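Reading the structure
Here's the letter readout for the chains.
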Amino acid sequence: MKDVKDLSREEAEKELAFLAAEIAKADSAYYQNDAPDLTDADYDRLKHRNSEIEAKFPDLVRADSPSKRVGAAVQSKFNKITHRFPMLSLGDVFSISEVDDFVISVKRFLNTADNIDFMAEPKIDGLSFSARYENGIFVSGATRGDGVVGEDITENLKTIKQLPLTLPPDAPRIMEVRGEVYMAKKDFFELNEKNTAEKKKLFANPRNAAAGSLRQLDSKITAERKLSLWAYTWGETSEHQWKTQEQFFDKLKEWGFPTNPLNKVCHSLTEIEENFAHMMEIRADLPYDIDGIVYKVNSIELQNRLGFLTRTPRWAIAHKFPAEQALTRINNIRIQVGRTGALTPVADLEPVNVGGVMVSHATLHNEDEIKRKDIRIGDTVVVQRAGDVIPQVVEVKIDKRSQNSLPYEFPVVCPECGAHAVREDNEASRRCTRGLTCPAQAKERLKHFVSKDAFDIVGLGDKVIEEFYDDGILGSPADIFTLEERNGSTEAVVDLFAEFDNGLHLERRSGWGTLSVKNLFAAIQNRREISLPRFIYALGIPQVGSATALLLAKNYGSFDNLQTDMCALQTEKLVAIDGIGGEMAKDIAEFFGEEHNLKVIASLRQYVHVADYINEEITDSPLSGKTIVFTGTLENLTRAEAKANAQKFGAKVAGSVSAHTDYVVVGADAGSKAKKAAELGISVLSEAQFLMLIKQ
Ligand code: IVH
């Protein structure tokens, strides 16, 4: 066998395909029949060879690579835990002026000019956990998961010595302590050294090592890994025994949790800035990885007033360290066609290590961006990676450009189907004009449809969608739900009647086996009942992300309500929704105006039941289900605070008065909206009356 370093690209690609098939075959022999056809040592040797080749050619990693598959298969077997309080994420900022904007927005929301103290905490690059204690005893532990449902890692957490298994008698009867599990740099290097010696998989960075170690089905493996933790926030608690984040840390210490000694209260923006600069300086010498600083409003009372946006608190933000950069070469510029037909240029790079991660592609955004930066094939460029975003080309090194290089010419036809690609006046992107008959668009729509925030069908990854589309197995979303029926019997006996059998037999495809096909069908079955926000998001309406889908679900309640309004060209309610602008409303209406989309929806709904949206907000309040409009200047509440309160009590907030409005709250100097309310006979409330309604 050739040494990996002597492999050509073609050879590597071929061998990776071979390894994927071999390992898949061995997996299914093992899992299905409990009868491995390879010895453990041989199996490990194949996997090791696979990861070695992948490490050398990171851009050849297959979507069905065994290095990815193992994780997924294990994952599905964890028990799920629904968090009683969602585990939120944080908004990101990258500069001190954005931190300043954040501080200003906090003050504006609270309508105060007073100084506000912030707790500045190192942002640990690990994996968040939630540990639940009942009557002083640790009863369960969970990962964050999607923030709503996490994985049960109770036994694994117990193996981390720093986690107290009991709390003192005066701690709250119910107490969820949250924080970050991480692997210290030293322990990460040791683990990788050991794995190298044992020819086992290497981890790319301490974060991956921590995640891989904590999310083990066999907690004995977790126990062998050196994991550490910091505690920093709480979930459910029966008793708030602290008034500030600072006091909360004191409690945590009292109860025996490790808290980061670098957490620090800052009293001004200058202190915040100094602290940030200091942390940047000592960052490399810290024994663990951090990727920024988190600022939290110190006062819990103010935190409660500020409340939450969809997925993030209004009272905290993450200030990330600047992006990591590296120099490399653009080998090629490729055009990708997205689900709405937009042509997006992507740079294929000479693979380069950017802050610990191998990068082989970067987005070039659009035609104008390429022109503006005059990016050309063969150029030497600075690429950067910040957080989880796609790497970007920041700058071209013109002095390194070869003399015969030519400017890049953006194609005017779709590279996938050859149709004209046109650019509307007000658009940044050129679009393929063939719609869903362009295979690239159809595939992208399918990929979006099964993606994590949409139908979330595990087993239908990008590569599988491509193959199934190319082979005529899947054409449109509804086809997913007839797969099982079309597959034919999985019993071996049908071979005898092969000539009468026109089933798909997915299990005979390379990389598939009876078990993986069974798992796929189970995943699809699971999705025959789908929530309204997921369904709306899955449709792939231009501009409608999951936050907008949620807004639509909240405001319409059922898919029929939305579709009926849209098909009757009733957009009054739509445009009145706070958070939906004119352009977006136009895209939504246009989507429903297209015959083809209605057909896709109708055929989908033969197989899928879309559950109505039930508002989880307080439902026994006089505001629940009502549509409310604010106008004029309020005295006691800022507009943002008033809106947030109305939503908390189950109301929908609209921006303009219409026949759908239930209440108009008028402050000082109210203008045309108050007048319109009077004309339409809508109840008008003063600020005081509104406050009464939300105090009940
Ligand atoms: S607070 C509502 N504090 O960052 C508050 N998070 O981007 C939510 N993280 O999922 C989290 N260090 O995994 C908080 N000191 C810290 C943190 C921290 C790291 C992680 C955490 C969270 C993510 C949010």
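These lines cover the structure that appears in this document, whether it is placed above or below.

1. Details of the sheet that holds strand 7 (residues 174-182)
The strand order 5-4-7-8 describes an open sheet built from 4 strands, whose pairing is antiparallel. Pairing within the sheet leaves two strands with one partner each, and these edge strands are strand 5 (137-143) and strand 8 (228-237). The mean inter-strand angle of the sheet, taken between neighbouring strand axes irrespective of direction, is 25 degrees. Pairing analysis gives 8 bridges linking strand 4 (residues 127-134) to strand 7, with the strands arranged antiparallel. Of the residues in strand 7, the one forming a bridge with Y133 is M175. Running over the sheet, helix 9 (residues 245-255) touches strand 7 and strand 8 and is turned about 115 degrees from strand 8.

2. A closer look at the packing of aromatic side chains
All chains considered together, the criterion is met by 22 aromatic pairs. When the centroid spacing of 5.2 Å and the interplanar angle of 70 degrees are considered together, the rings of W234 and W242 count as edge-to-face. Of the residues examined, W234 reaches a relative accessible area of 14% and is grouped as buried. Aromatic rings pair up to connect F449, F455, F481, F535, F559, F591 and F592 into one cluster. Across the ring face of Y556, the terminal group of K573 is positioned such that the distance to the ring centre comes to 4.8 Å.

3. Details of the state of the cysteines
Overall, the coordinates contain 0 disulfides when judged by the stated rule. There is no disulfide at C417, and the cysteine sulfur nearest it, in C432, is 3.7 Å away.

4. A few points about unusual backbone geometry
Negative phi is the rule for most residues except glycine; trans is the rule for most peptide bonds. The phi dihedral of N111 is positive, around 55 degrees, even though this residue is not glycine. Within the secondary structure, N111 sits in the loop between helix 4 (96-110) and strand 3 (118-124). For N111, a relative accessible area of 48% translates into the label partly exposed. Within the chain, H365 stands out as a residue other than glycine whose phi angle is a positive 65 degrees. Inspection of the secondary structure assignment puts H365 in the loop between strand 14 (357-363) and helix 12 (367-373). Of the residues examined, H365 reaches a relative accessible area of 35% and is grouped as partly exposed.

5. Focus on the side chain of D379
Positionally, D379 belongs in the loop between helix 12 and strand 15 (380-385). Separated by 2.8 Å, the side chain of D379 and the backbone nitrogen of R376 make a polar contact. A polar side-chain atom of D379 sits 2.8 Å from a polar atom in the side chain of R401. In contact with D379, other than residues within four places in its own chain, are T328, R329, I330, D374, V396 and R401.

Rules of the game
- Residues numbered from 1 in each chain as written.
- Predicted model: local features only at pLDDT ≥ 70, side-chain atom pairs only at ≥ 80, totals over all residues.
- Heavy atoms only, no water.
- Pairing = 2+ DSSP bridges.
- Helix = DSSP H or I, 4+ residues; strand = E, 2+ residues; numbered from the N terminus.
- Axes fitted to C-alpha atoms, helices over the stretch in contact; angles between N-to-C directions.
- Contact = heavy atoms within 4.5 Å.
- Phe/Tyr/Trp six-rings, centres within 6.5 Å; stacked < 30°, edge-to-face > 60°.
- Buried < 20%, exposed > 50% of the residue type's maximum accessible area, 1.4 Å probe, protein only.
- Lys NZ or Arg CZ within 6 Å of the ring centre and 35° of its normal.
- Disulfide = S-S within 2.5 Å.
- Polar contact = N/O pair within 3.5 Å; in protein donor to acceptor, adjacent residues only side chain to side chain.

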